[in-house]
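Residues per chain, in single letters:
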Amino acid sequence: MLKLLLLIGSFFGSIVGYAAASLGRKAIVVAAVVTAFLAVTVAFLVCINLIIASIVSVIAVPAWLTAFFGMFVPSNYSGVLSLILSAKTCRAAYDLAIAKVKMIGNSN
């Protein structure tokens with residue numbers, strides 16, 4: 001009878017151990033996914049802020065050139081176009097990183 005109780009006790013102990021290991025592994029994956037998502041989001045925001053700061057600081061066009069092209073094209077056209085293209089590139093990189101984070105999250 002004692003051996004039967006030991007067998008049942010070790011069976012329940014192994015099931016509890018397996019459940020704890022499984023939940024612990026899932027908790028680690030969830031924590032890693034949340035951390036990766038936050039890191040990617042912060043990197044995206046820093047990228048956009050750097051793009052805006054660099055475009056604003058670079059815009060310096062000579063007056064004669066502005067006067068000539070100002071009749072046809074706004075003076076900040078190149079800056080705005082560069083900003084739009086850079087922002088689209090950052091957004092594409094952000095979407096790709098988020099897709100990879102979701103794939104990691106769905107792996108278990």
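Look up a bit, the structure's there.
Worth saying up front: this structure is predicted, and the values here are computed from it rather than measured.

A. View of the overall build of the protein chain. Looking only at helices and strands, the protein chain has 3 helices and 0 strands in total. Element order for the protein chain, N to C, with α for helix and β for strand: α-α-α. Counting over 108 residues, the protein chain shows a buried share of 13%. Surface exposure of the protein chain reaches about 8,400 Å², of which carbon and sulfur atoms provide 78%.

B. Summary view of the state of the cysteines. In total, this model carries 1 disulfide according to the counting rule given. Shown here is the disulfide that connects Cys47 with Cys90, its sulfur atoms set 2.0 Å apart. Of this pair, Cys47 sits in helix α1 (residues 2-58) while Cys90 sits in helix α3 (residues 77-105), and the two are 43 residues apart along the sequence. Judged by its relative accessible area of 25%, Cys47 falls in the partly exposed class. For Cys90, a relative accessible area of 11% gives the class buried.

C. Up close: a nonpolar patch on the surface. Side chains of Phe68, Phe69, Met71, Phe72, Val73, Tyr77, Leu81 and Leu85 sit close together on the surface and give an oily, nonpolar patch of about 840 Å² of accessible area. Ranked by residue count, the leading element in the nonpolar patch is α3, at 3 residues. Here Met71 lies in the loop between α2 (63-69) and α3.

D. Local environment of the environment of Lys100. Relative to the elements of secondary structure, Lys100 occurs in helix α3. Linking Lys100 and Val33, residues 67 residues apart in sequence, is a C-alpha distance of 9.7 Å.

E. A look at the pattern of salt bridges. All chains considered together, the criterion is met by 1 salt bridge. Asp95 serves as the salt-bridge partner of Arg91, at 3.1 Å between the closest nitrogen and oxygen. Here Arg91 and its partner Asp95 are both found in helix α3, 4 residues apart, which amounts to about one turn of the helix.

F. Layout of the nonpolar core. Within the largest apolar cluster, 8 residues are counted, these being Val40, Phe44, Ile48, Ile51, Ile55, Cys90, Tyr94 and Ile98. Where this core is concerned, the elements lending two or more residues are α1 and α3. Take this core: its biggest share by element is 5 residues, from α1.

G. Inspection of α3 at higher detail. Taking 1.5 Å per residue as the helical rise, α3 with its 29 residues ought to reach 42 Å, and the 42 Å between its terminal C-alpha atoms agrees with that figure. Along α3, the residues classified as buried are Gly79, Cys90, Tyr94, Ile98 and Val101.

Scoring rules and cut-offs
Residues numbered from 1 in each chain as written. Predicted model: local features only at pLDDT ≥ 70, side-chain atom pairs only at ≥ 80, totals over all residues. Heavy atoms only, no water. Helix = DSSP H or I, 4+ residues; strand = E, 2+ residues; numbered from the N terminus. Buried < 20%, exposed > 50% of the residue type's maximum accessible area, 1.4 Å probe, protein only. Areas by Shrake-Rupley, 256 points an atom, 1.4 Å probe, with all protein chains shown as cover. Disulfide = S-S within 2.5 Å. Patch = residues over 30% accessible without salt bridge, like charges linked within 9 Å, V, L, I, M, F, W, Y side chains within 5 Å. Salt bridge = Lys/Arg side-chain N within 4 Å of Asp/Glu carboxyl O. Core = buried A, V, L, I, M, F, W, Y, C linked by side-chain atoms within 4.5 Å. Expected span 1.5 Å × (residues − 1).

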